[in-house]
Amino acid sequence: MNELTDDCVACGTDGRDAPRLVARETQDMTGETFVYRLCQGCGSLQIDEVPDDLGRYYDASSYSSFAVKTSLVDRPLVQNPLSRALLRTMGAVHRRTGRGLGLRFVRDAGISPRESVIDIGSGIGENLVHMRLLGHRELVGSDPFLPEDVDRNGVTVLRRHHSELTGTYDWVVMNHSFEHVPDPHAMLASAARLMAPGGRVLVRMPVMGCAAWHRYGMDWSQIDAPRHLVLYTPEAMDAMAQAAGLRVQRMFYDSWSFQLWGSELIRQGLPHKGASLQQARAHFSRQQLKAWEQESRELNERGEGDAGGYVLTRA
Ligand SMILES: [Zn+2]
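The following paragraphs examine the structure supplied in this document. (Residues numbered from 1 in each chain as written. Predicted model: local features only at pLDDT ≥ 70, side-chain atom pairs only at ≥ 80, totals over all residues. Heavy atoms only, no water.)

## What to know about the side chain of His94
Here comes step 1: Along the chain, His94 falls in helix 2 (residues 81-97).
Here comes step 2: Those residues within four positions of His94 in sequence are excluded, and the remaining contacts are Arg99, Gly100, Leu101, Gly102, Leu103, Arg104 and Arg107. (Helix = DSSP H or I, 4+ residues; strand = E, 2+ residues; numbered from the N terminus. Contact = heavy atoms within 4.5 Å.)

Shown next, in the form of structure tokens:
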């Protein structure tokens, strides 16, 4: 289903007179360009036409959310009972204090280990596997682009479109998947359907209209054409939530220094290779990267970072 037609998908403003802006493919700098429309209503940036062969842009080596990695979590040392008990304790400490080992979005959103979670567009489920090690129990992932269902360390990841998912969950999580889909209204409708009574939805994604957008324009690293189909402003998210019978309860910012070094690389015509730190270190000094990390923390505190999370409840 393609909901990204001529009008702004978020606020419905007629797109005919919207300024057209050109974005380059920047993970690999293939030389391809894509036209985006800047909505005059809500300020969102939306791809003018969804490429028919969008799948091709996910096969590139830089995009790895489907590659089954032999990550640290699969090692026997991590899997023994003592390590697991230690990791659960560390997870609890991180959720309380933000220190030590943990997942930042879990703390930012306030997801308790007692709550059930479904992650829509989870890729291979790397976040869920980490959550499981940190003490979370009821975890399901889903991604229609997986080759098959996956079972990893007690986490099931289903090869399913969001419209085919069943059950109810305390949290419906979308970790940087919402900006990739051509059917965002249908996706939020699925999320609303999957919410348990009192449940919440967490949408983490780039934030259009941020400081990096104003500084770098179409060289802003989060545009990621053509994979990011829409870059939503907070106003756009409000409108999308409302259309699904939901509302934004609160928002947090969690951008990192990629917004600055990634955009600087793009400005110089260099690929960022899937936000690869190796690529950053090859071109910028350690001191510069540290300064950008600090600046990103400050941008988040001021509500000007280029990525964040929206916590939604029923309206
Ligand atoms: Zn709009």
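So, next bit.
## Regarding the coordination of the zinc ion
Here comes step 1: Coordination of the zinc ion by the protein involves Cys8 (SG), Cys11 (SG), Cys39 (SG) and Cys42 (SG), with metal-donor separations of 2.3 to 2.4 Å.
Here comes step 2: Around the zinc ion sit four donor atoms; with metal-centred angles ranging over 100 to 117 degrees, the donor geometry is tetrahedral.
Here comes step 3: All donors of the zinc ion belong to a single chain; written as a sequence motif, their spacing is C-x2-C-x27-C-x2-C. Of this pair, Cys11 sits in the segment before strand 1 (20-24) while Cys39 sits in the loop between strand 2 (33-38) and strand 3 (45-47); the two residues are 28 residues apart in sequence, bridging distant segments of the chain.
Here comes step 4: The exposure class assigned to Cys11 is partly exposed, which follows from its relative accessible area of 34%. (Donors = N, O, S within 2.8 Å, 3.2 Å for Na, K, Ca; no water. Tetrahedral: all angles 85-135°; square planar, octahedral: opposite > 155°, others 65-115°. Buried < 20%, exposed > 50% of the residue type's maximum accessible area, 1.4 Å probe, protein only.)

## Here's the deal with the sheet that holds strand 7 (residues 155-158)
Here comes step 1: Judged by pairing direction, the sheet is mixed, and its eight strands sit side by side in the order 6-7-5-4-8-9-12-11 without closing on themselves. Two strands close off the open sheet at either side, each with one partner strand: strand 6 (150-152) and strand 11 (246-253). Along the sheet, successive strands turn relative to each other by an average axial angle of 20 degrees, direction set aside.
Here comes step 2: Note that strand 6 and strand 7 share three bridges and pair antiparallel. (Pairing = 2+ DSSP bridges. Axes fitted to C-alpha atoms, helices over the stretch in contact; angles between N-to-C directions.)

## A word on the sheet that holds strand 1
Pairing between sheet strands relies on hydrogen bonds along the backbone, with the strands arranged either parallel or antiparallel.
Here comes step 1: With antiparallel pairing, the four strands of this open sheet are ordered in space as 1-2-3-10. Only two strands of the sheet have a single partner each, and these edge strands are strand 1 and strand 10 (230-231).
Here comes step 2: In terms of strand pairing, strand 3 meets strand 10 through two bridges, oriented antiparallel. Looking at strand 10, one finds that Gln46 is bridged to Val230.

## Structural notes on a nonpolar patch on the surface
Here comes step 1: On the surface, Leu86, Met90 and Leu101 cluster together into a nonpolar patch covering about 270 Å² of accessible area.
Here comes step 2: Along the chain, the position of Leu101 falls in the loop between helix 2 and helix 3 (104-109). (Patch = residues over 30% accessible without salt bridge, like charges linked within 9 Å, V, L, I, M, F, W, Y side chains within 5 Å. Areas by Shrake-Rupley, 256 points an atom, 1.4 Å probe, with all protein chains shown as cover. Salt bridge = Lys/Arg side-chain N within 4 Å of Asp/Glu carboxyl O.)

## Details of the side chain of Asp219
Here comes step 1: Along the polypeptide, Asp219 turns up in the loop between helix 6 (211-216) and strand 10.
Here comes step 2: Residue Asp219 is classed as buried on the basis of its relative accessible area of 18%.
Here comes step 3: A polar contact is formed between the side chain of Asp219 and the side chain of Arg24, at a distance of 2.9 Å.
Here comes step 4: Apart from residues lying up to four places away in sequence, Asp219 is in contact with Arg24, Ser263, Ile266 and Arg267. (Polar contact = N/O pair within 3.5 Å; in protein donor to acceptor, adjacent residues only side chain to side chain.)

## As for the pattern of salt bridges
Side-chain pairs of opposite charge can arise where the charged atoms are in close proximity.
Here comes step 1: Evaluated as defined, the whole model comprises 14 salt bridges.
Here comes step 2: One salt bridge connects Asp219 with Arg24, and the closest N-O pair in it is separated by 2.9 Å. Separated by 195 residues along the polypeptide, Asp219 in the loop between helix 6 and strand 10 and Arg24 in strand 1 bring together distant segments of the chain.
Here comes step 3: On the accessibility criterion, Arg24 (30% relative accessible area) is partly exposed.

## Observations regarding helix 10 (residues 286-301)
Here comes step 1: Taking 1.5 Å as the rise per residue, helix 10 with 16 residues should run 22 Å; its terminal C-alpha atoms sit 23 Å apart, in good agreement.
Here comes step 2: Of the residues making up helix 10, those classed as buried are Leu289, Trp292, Ser296, Leu299 and Asn300. Each buried residue of helix 10 sits inside an arc of 95 degrees when the element is viewed along its axis, so together they form one side. Exposed side of helix 10, more than 90 degrees from the buried face: Gln287, Lys290 and Glu301 are the residues found there.
Here comes step 3: Where helix 10 is buried, its residues meet helix 3, helix 6, strand 11, helix 8 (258-267) and helix 9 (277-283).
Here comes step 4: Of the residues flanking the end of helix 10, it is Gly303, one or two places downstream, whose phi is positive at about 70 degrees. (Expected span 1.5 Å × (residues − 1). Arc of directions from axis to C-beta.)

Without other data, these values stay purely geometric and don't point to any function.
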